[in-house]
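Inside the fold
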Amino acid sequence: MSAPKALTARGAILSGCKRLLSARHYSSSTPLLDRHLSVAIVGSGPSGMYTAKYLQSALANPKLASLPSTHSIDVIERLPTPFGLVRSGVAPDHPEVKSVEKDFREVFERNIGDSSSSSRQLGVAFRGNVEVGRDISLVELRRLYDIVVLAYGCDSDRRLGIPGENLQGVVSAREFVGWYNGHPRDVDLTEPLSELLSNPAEKSVSVIGQGNVALDCARVLAKGGEGLRSTDISAHSLPVLGGGVGKVTVLGRRGHVQGAFTIKELRELTKLSKEGHGVSFHVREDELDLGMTDSSRQELEGRLGRPKGRINKLLRAAAAVAHDPKAAKEVHLRFLLNPVEFVPDTADPTFVGSIICERTRLGGDPGKQSAVATGEYETIPTHLALTSIGYKGKALPGMGDIFNESEGVIVNQNGQIYGADESTGAGLYCSGWIKRGPSGIIGTNISDAKETVASILRDISTDVAPPHIGREQYNHGREGLDAILKERETQVVDWPGYIKIDLAEKSASNLRHEDQPREKMTRVEDMLAALRAL
Ligand code: FAD
Ligand code: NAP
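So, a few notes on the structure that sits alongside this text. What you see is a predicted model; the values in this text were computed from it and never measured.

Calculation notes
Residues numbered from 1 in each chain as written. Chains lettered and ligands numbered in written order. Predicted model: local features only at pLDDT ≥ 70, side-chain atom pairs only at ≥ 80, totals over all residues. Heavy atoms only, no water. Near = heavy atom within 4 Å. Polar contact = N/O pair within 3.5 Å; in protein donor to acceptor, adjacent residues only side chain to side chain. Areas by Shrake-Rupley, 256 points an atom, 1.4 Å probe, with all protein chains shown as cover. Helix = DSSP H or I, 4+ residues; strand = E, 2+ residues; numbered from the N terminus. Nonpolar A, V, L, I, M, F, W, Y, C, P; charged D, E, K, R; others polar. Domains from an automatic or database assignment. Buried < 20%, exposed > 50% of the residue type's maximum accessible area, 1.4 Å probe, protein only. Pairing = 2+ DSSP bridges. Axes fitted to C-alpha atoms, helices over the stretch in contact; angles between N-to-C directions. Contact = heavy atoms within 4.5 Å. Expected span 1.5 Å × (residues − 1). Bend = angle between axes of the 7 residues up to and from the residue. Salt bridge = Lys/Arg side-chain N within 4 Å of Asp/Glu carboxyl O. Phe/Tyr/Trp six-rings, centres within 6.5 Å; stacked < 30°, edge-to-face > 60°. Lys NZ or Arg CZ within 6 Å of the ring centre and 35° of its normal. Arc of directions from axis to C-beta.

Attention shifts here to the site of ligand 1. Near ligand 1 lie 31 residues; those nearest to it are Ser 47, Glu 77, Trp 433, Gly 440 and Ile 442. Between ligand 1 and Leu 85 there is a distance of 3.0 Å, counted from an oxygen atom to a backbone nitrogen or oxygen. Out of a free accessible area of 1000 Å², ligand 1 has 91% covered by protein chains. Counting residues per element, the ones that place at least two in the shell around ligand 1 are helix 3 (46–59), helix 4 (84–88) and helix 9 (212–227). The residue inventory of the shell around ligand 1, partitioned by class, reads 17 nonpolar, ten polar and four charged. Shared between two domains, the shell around ligand 1 takes at least three residues from each, and those domains are domain 1 (12–155 + 392–493) and domain 2 (159–389).

In structure tokens:
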């Protein structure tokens, strides 16, 4: 099968729709036309939800009346709660970002009868507490559905690969973020973090990496539980973070012009003192100067360089400002320091005590500068080291060659996955971080999902999506999924079920502050028990 040509996302959707309308083989005698089109989307994060949204609207387009007469889209999520990193990644003090949930909820609420298991119903259904690879296999899903879209994100970490990375006190930012945001996977970090951060005002934390996740972690650590009481930060983190950590150092191996953070997040760090959090922001002029190579200067030029130019200006201004003597806590943004070793603590060598960093200089052409070792070292004492150097995707069991292990992404072209055994069932597609790697904001997943939807529409129109062959053995789509899960005694959480959890989390009796949006349930068994009791 030849790979399709790349198209822009919008152009691709239009082109897919046109081909769908004009496809000759879509006559009334076409089998696909006569039957129901069943779609499973694995993952209810932004990419899964945008894929559901745009696929639903394309399939409901009256101009495409000659499409399969009915369709169902089932969003399968391993947690009882939807929306992926919008719930468990986005920082608690960024509630405006989470308002995207309203858009996602509408995708489910536009439905006709989610509680019915009839796969003849139109609409999008939520099937929470169902993990692909645990409760149902990918092979089974492909036998049940015409189309399977993998949108399960990146749930592992890039590794530094330096000595001491396995010491206690070296924790990935992914787990730390999951912990303060109440992800059930990470709640057990409360005990080790309480130990590492006991008396937080006297503790030093290093964050390695300079993306927005690193800046989120630094801000949360500096504000502490007291500064975040009115947010939806999980209750278990309040006593651990206390009034905030005494010193947070964010380490970048390259210069400030190459930092992966954006100005909004940087400005928030610089304003912590002004906003009454008692945190002074430190940046060193000598490090800013060191990073200002000819190539860096060129990177600041032109329209593309403007955002970096604003960051340069903000950091220069911050470096010149006298620090608030009343600020008891400090955040340091350090540049051109590459961690080379985590050193055990002298009192207890099972724990990290410091990080040895090598001073780097920048080398290379504009846009391609890398950190070059200099042979000079600096040791930074640390009680907790958060590695924030990027998330990484994992294969689902049995994926084989369609997964690129080194990149941690599914091999695909415009969202279509080639190379899976096509005789075994559904057409296979992917969307979001697991498709393109762990970068991009929520909005980036819109064009990404549209591209995948366009590939699906194009393939339906050209019959690339293989016919459903499992019909004799399995029920089709949603009915079949529900039957298998019932047989396996999986307690599935449907949309009305999630709404009950949502209401319980927002119930005033569970909130500590009048502005707190919700208190998240953090244990799957508690959520399921609550549903059984309601
Ligand atoms: P995810 O959001 O990770 O969703 C994947 C979903 O799949 C999850 O719900 C997961 O539980 C589910 N899943 C995983 N495995 C399985 C399985 N086997 N079976 C069933 N379900 C499964 N962007 C912004 O615009 N603003 C921000 O403020 C912002 N903050 C961020 C903070 C952090 C810490 C991070 C890491 C990212 C942030 N982003 C932000 C980026 C944004 O969150 C991502 O672009 C987006 O979440 C990626 O969407 P996704 O659907 O690909 O992955
Ligand atoms: P990221 O933006 O890719 O940043 C990763 C950081 O880690 C970079 O500074 C990188 O430096 C560094 N790094 C990588 N490998 C390293 C190594 N071996 N040693 C030292 N440093 C290393 O990743 P992220 O922060 O996890 O964010 C993921 C995505 O989510 C991003 O697109 C981000 O914008 C988005 N997000 C957005 C928000 C928001 O909008 N508020 C919040 C959080 C996350 P180099 O450049 O030198 O490689």
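In strand 14 (residues 384–387), alternate side chains face the same way, and those of Leu 384 and Leu 386 on one face and Ala 385 and Thr 387 on the other are all buried. Of the strand pairs in this sheet, strand 6 (residues 170–172) and strand 14 are connected by three bridges, and their pairing is parallel. Across the sheet, the residue bridging to Val 170 is Ala 385, located in strand 14. In this sheet, strand 14 lies alongside strand 7 (residues 204–208) in parallel orientation, the contact comprising four bridges. Note that in strand 14 the partner of Val 205 across the bridge is Leu 384.

This brings us to the sheet that holds strand 4 (residues 147–150). Strand order in the open sheet formed by five strands is 3-2-1-4-18, and the pairing between neighbours is parallel. A strand with exactly one partner marks an edge of an open sheet, and here the two such strands are strand 3 (124–127) and strand 18 (427–430). Between one strand and the next, the sheet's axes are offset by a mean angle of 20°, whatever the strand orientation. The pairing of strand 1 (residues 37–42) with strand 4 spans four bridges and is classified as parallel. Residue pairing for strand 4: Val 42 is matched across the bridge by Leu 150. Its contacts with the sheet put helix 3 on strand 1, strand 2 (71–76), strand 3 and strand 4, and the angle it makes with strand 2 is roughly 175°.

Inspection of the region around ligand 2 gives 19 residues, with Gln 210, Arg 253, Arg 254, Glu 265 and Gly 440 positioned closest. Note that an oxygen atom of ligand 2 is positioned 3.5 Å from one of the backbone N or O atoms of Asn 212. Within the contact set of ligand 2, an oxygen atom lies 3.2 Å away from a backbone nitrogen or oxygen of Val 213. Considering ligand 2 on its own, with 920 Å² of exposed area, one finds that the protein chains cover 78% of that surface. In terms of residues, the shell around ligand 2 owes the most to one element, helix 9, which gives three residues. Class assignment of the residues belonging to the shell around ligand 2 gives a composition of seven nonpolar, eight polar and four charged.

Spanning 16 residues, helix 9 covers only 19 Å between terminal C-alpha atoms, well under the ideal 22 Å at 1.5 Å per step. Along its length, helix 9 shows its largest kink, about 50°, at Leu 221. Along helix 9, twelve of the 16 residues are buried, which leaves the element largely enclosed by surrounding structure. Every buried residue belonging to helix 9 is among Ala 214, Leu 215, Asp 216, Cys 217, Ala 218, Arg 219, Val 220, Leu 221, Ala 222, Lys 223, Gly 224 and Gly 225, and all of these are buried.

Here we come to the pattern of salt bridges. Scanning the entire structure with this criterion turns up 36 salt bridges. The shortest N-O distance in the salt bridge between Asp 502 and Arg 518 comes to 2.7 Å. With Asp 502 in helix 18 (residues 495–506) and Arg 518 in the loop between helix 18 and helix 19 (524–533), this pair connects stretches of sequence that are 16 residues apart. We classify Asp 502 as buried; its relative accessible area is 1%.

Time to look at the packing of aromatic side chains. In the structure shown here, the tally under the stated rule is 13 aromatic pairs. Ring geometry for Tyr 50 against Phe 104: centres 5.0 Å apart, planes inclined by 80°, an arrangement best described as edge-to-face. In this pair, Tyr 50 sits in helix 3 while Phe 104 sits in helix 5 (residues 100–109), placing the two residues 54 residues apart along the sequence. Judged by its relative accessible area of 4%, Tyr 50 is buried. For Phe 104, a relative accessible area of 1% puts it in the buried group. Here Phe 83 and Phe 104 contribute two aromatic rings whose centre-to-centre distance is 5.6 Å and whose plane-to-plane angle is 45°, an arrangement assigned as tilted. With Phe 83 in the loop between strand 2 and helix 4 and Phe 104 in helix 5, this pair connects stretches of sequence that are 21 residues apart. Assigned by exposure class, Phe 83 and Phe 104 land together as buried. Site record: aromatic cluster; members linked through ring pairs are Tyr 50, Tyr 54, Phe 83, Phe 104, Phe 108, Phe 126, Trp 495 and Tyr 498. In this structure, Lys 450 is placed above the aromatic ring of Tyr 54, and the distance from its NZ or CZ to the ring centre is 4.9 Å.

What follows is about helix 11 (residues 263–270). Spacing of three or four residues puts side chains on the same side of an α-helix, whose turn is 3.6 residues. Buried residues of helix 11: Glu 265, Leu 266, Glu 268 and Leu 269, and no others. Each buried residue of helix 11 lies within a common arc of 155° when the element is viewed along its axis, so the set occupies one face. Where the residues of helix 11 are buried, they touch helix 9, strand 9 (279–283), helix 14 (302–320) and strand 10 (329–334).

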